[in-house]
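Breakdown of the fold
Okay, here's what each chain looks like letter by letter:
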Amino acid sequence: MNPVHLELKNVSKNVFRRVNNNMVRTQILSNLDLKVNKGELVTIMGASGSGKSTLLRLINRLSETDSGIILLKGNDIRSYVPMELRRRIGMVFQVPVAFKGSVRDNLSFGIKLWGGNTGIETLSRDTGIPGNLLDADAGQLSTGEKQRVSIARALGNQPEILLLDEPTSSLDAVSEQRIEKLLLDLQKERDLTILWVTHEKEQAQRIGGKRLILREGRLEHA
Amino acid sequence: MLEVLAIAFTVFLVILSAAYARRFGIGKEIILAGTRALVQILILASIILILFQKPLYWSFPILIMMAAIAGYTTYSRSGKLEKGLPVAIFSITIASILMLIPFFLVGIFPVEARYIIPSGSIFIGNAMNVSSLAIDRYKGEIKNRRAEIETYLALGARPEIAAGACLKQGILSALIPSIDNMKNLGIVWIPGVMTGMLLGGADPMEAASIQIALFTSIFAAGMIASNLLLHFSTDSFFTKAAQLKEDMGQ
């Protein structure tokens, strides 16, 4: 049994939502618990607005919990410098954002920031980005290509955990299956711990791993 | 006699403009702004008159007061950002003083209240305008580019890197009017100082030289002030844990 990599204990989070021009406070996560082992793949399903994205954002501290504790390798994530925590816990968003510049500029972002030893060529090969695309303007790529770039860019930081926030929801069926395969291969090759948020039951079944559902602020086994 | 005529003409124009602007719903605002401008400028003229009789150092508190009011105006435009007031006053004051001093050091202007107050006010006023435009645009860019900023943050970038493109856009947008003015200087318009000097009977070459020196310095002051302001305001948009604040665009 692999050691516990990530643990959430009693995590609660309220968010403000605009209802008829008023901001209404809603509890979105309620005393949530989760344990993820090293190298484990966990898929999290749930209806829109159930708090799946919020949950991921709490793990790499893009947002703050209202109560409870999140532990990375047994240490409170608040004990890490936020930037270092985010290097260790990479995140791929639903809608990929390409930074200004070439694909190469995008892929080298993390390497320049953190001085990693991953080569651009390795990253592009592992993520299926053709070599002739490296000097193309990243802003002109298709959504599927941009998503590959954002996955490669996140991997450039050599993260130990990857948070995937519906990474294929803006893609067509062919690109969706390619990205799925790519991520699953990467998980095995790099022994990555992955939390994969999806709203599609079929996708969760295809991906495999531990399947959980976020319902009324808590995680349940699917 | 001339001043009475000019003031009467101003009052007449303010009333006329306000009457016309009523159809746009800004008649009241024009009356208020016009009256304020008239009263303020007369107070300023009286202060300068008094300052002529006082020792030179009396000019400096007046300049500081102008910079403080300019800072407050920019701070209000920023939506009263946390720690925004001291930062705005500091940026406008430093940039204005930095670009004003050489004019007196190299002897373009004599060190007298009659020169210090008006030239200082030009720098402060312009630095305020550019800073207000810059902070307003910067804030707008941060709100609109939340996804991009959070993508940077999620890679472990510091807030100043994550908001770097927004800052650049804020400064660029704020400087566009000044750049356009600079391009058309002498073709489309004759700026205030040169006009004043020509009306006062100065040599056109002398008036033009002083004007262009002032113009480029004013541009530099605006650029420095907006850079300082935006740079030191970045923290106000983020929490201590380098999170983009939730009221920024969600």
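These notes cover the structure that comes with them. This structure is a prediction, so every number in the text was calculated from the model and none was measured. (Residues numbered from 1 in each chain as written. Chains lettered and ligands numbered in written order. Predicted model: local features only at pLDDT ≥ 70, side-chain atom pairs only at ≥ 80, totals over all residues. Heavy atoms only, no water.)

Section: the overall build of chain A
Looking only at helices and strands, one finds seven helices and 10 strands in chain A. The C-alpha atoms of chain A give a radius of gyration of 17 Å, which matches the 17 Å a tight globule of 222 residues would have. Its C-alpha atoms give chain A principal-axis dimensions of roughly 50 × 40 × 35 Å. Counting every position in chain A, which comprises 222 residues, the buried fraction comes to 55%. Expressed as a percentage of contacts within chain A between residues at least 6 apart in sequence, the contacts between residues at least 24 apart total 71%. By element, 46% of the accessible surface of chain A is carried by carbon and sulfur atoms, the whole surface being about 10100 Å². A gap of 3 Å separates the mean positions of the 32 positive and 26 negative side-chain charges of chain A. (Helix = DSSP H or I, 4+ residues; strand = E, 2+ residues; numbered from the N terminus. Rg over C-alpha atoms; globule rule 2.2 N^0.38 Å. Buried < 20%, exposed > 50% of the residue type's maximum accessible area, 1.4 Å probe, protein only. Contact = heavy atoms within 4.5 Å. Areas by Shrake-Rupley, 256 points an atom, 1.4 Å probe, with all protein chains shown as cover. Lys, Arg positive; Asp, Glu negative; His and termini not counted. Charge placed at Lys NZ, Arg CZ, Asp CG, Glu CD.)

With respect to the pairing of strand β2 (residues 22–37) of chain A
All names here are of chain A. Two elements, strand β1 (residues 4–19) and β2, share 12 bridges in a ladder whose sense is antiparallel. Within the sheet, the bridge partner assigned to R17 lies in β2 and is V24. Between β1 and β2, which pair antiparallel one after the other, the connecting turn spans two residues, and N20 there sits at a positive phi close to 50°. (Pairing = 2+ DSSP bridges.)

Some details on the packing of aromatic side chains
Scanning all chains against the criterion turns up 11 aromatic pairs over all chains. Taken together, a centroid distance of 3.7 Å and an interplanar angle of 5° make the contact between F99 of chain A and Y152 of chain B stacked. Of this pair, F99 of chain A sits in the loop between β6 (89–92) and α3 (103–114) while Y152 of chain B sits in helix α6 (residues 146–154), which puts the two residues in different chains. Each member of the pair F99 of chain A and Y152 of chain B is classed as buried. Here F109 of chain A and Y152 of chain B contribute two aromatic rings whose centre-to-centre distance is 5.2 Å and whose plane-to-plane angle is 65°, an arrangement assigned as edge-to-face. Of this pair, F109 of chain A sits in helix α3 while Y152 of chain B is found in helix α6, placing the two residues in two different chains. Every member of this aromatic cluster is reached through a ring pair, and the members are F103, F104, F109, Y115 and F123 of chain B. (Phe/Tyr/Trp six-rings, centres within 6.5 Å; stacked < 30°, edge-to-face > 60°.)

Section: the pairing of β6 of chain A
Each regular strand carries side chains that alternate between the two faces of the sheet. All names here are of chain A. Neither face of β6 is open: one carries I89 and M91, the other G90 and V92, and all of them are buried. Two elements, β6 and strand β7 (residues 161–165), share four bridges in a ladder whose sense is parallel. Among the inter-strand pairings, V92 is bridged to a residue of β7, identified as L164.

What to know about the interface of chain B and chain A
Each partner contributes residues to the interface: chain B has 18 residues there, and chain A has 21 residues. Our enumeration of links across chain B and chain A arrives at two salt bridges. A salt bridge links E246 of chain B to K13 of chain A; the shortest N-O distance between them is 3.6 Å. Our count for the chain B to chain A interface comes out at seven residue pairs in polar contact (both at pLDDT 80 or more). Element by element, the count of residues in the side of chain B that touches chain A is highest for α6 of chain B, at eight residues. Split into classes, the residues belonging to the side of chain B that touches chain A amount to nine nonpolar, four polar and five charged. (Salt bridge = Lys/Arg side-chain N within 4 Å of Asp/Glu carboxyl O. Polar contact = N/O pair within 3.5 Å; in protein donor to acceptor, adjacent residues only side chain to side chain. Nonpolar A, V, L, I, M, F, W, Y, C, P; charged D, E, K, R; others polar.)

Concerning the side chain of Q211 of chain B
Residue and element names in this part refer to chain B. Here Q211 is to be found in helix α10 (residues 204–233). Residue Q211 is classed as buried on the basis of its relative accessible area of 4%. Those residues in contact with Q211 that sit more than four places away from it in its chain are P191, G192, V193 and M194.

Topic: the pattern of salt bridges
A side chain with one charge may pair with a side chain of the opposite charge, provided their charged atoms come close. Residues and elements named next belong to chain A. Tallied over the entire structure, the rule returns 25 salt bridges over all chains. One salt bridge in this structure joins K38 and D191, with 3.9 Å as the shortest N-O distance. Of this pair, K38 sits in the loop between β2 and β3 (41–45) while D191 sits in the loop between α6 (173–190) and β8 (193–197); the two residues are 153 residues apart in sequence, bridging distant segments of the chain. Given a relative accessible area of 40%, D191 falls into the partly exposed group. With a shortest N-O distance of 4.0 Å, R125 and D126 are connected by a salt bridge. Relative accessible area serves as the criterion here: at 60%, R125 is assigned to the exposed category.

Considerations on the nonpolar core
Counting residues in hydrophobic clusters, the biggest one holds 62 residues, and the most contacted among them are L8 and L195 of chain A together with Y138 of chain B. In this structure L195 of chain A touches L6, L34, V36, V42, I44, L56, I59, L162, L163 and L164 of chain A, once residues within four positions along its chain are discounted. (Core = buried A, V, L, I, M, F, W, Y, C linked by side-chain atoms within 4.5 Å.)

Side note on the packing of helix α9 (residues 192–199) of chain B against α10 of chain B
Residues and elements named next belong to chain B. Packing of α9 against α10 leaves a shortest axis separation of 8 Å and a crossing angle of 160°. With respect to each other, α9 and α10 are oriented roughly antiparallel. Here α9 and α10 pass one another in a crossing that is right-handed. Here G192, V193, M194, M197 and L198 of α9 lie close against α10, whose contacting residues are P204, E206, A207, A208, I210, Q211 and L214. (Axes fitted to C-alpha atoms, helices over the stretch in contact; angles between N-to-C directions. Parallel < 35°, antiparallel > 145°, perpendicular 65-115°, else oblique. Left-handed = near helix turned anticlockwise from the far one by under 90°.)

It is worth stressing that arrangement in space is one thing and function is another; only the former is reported here.
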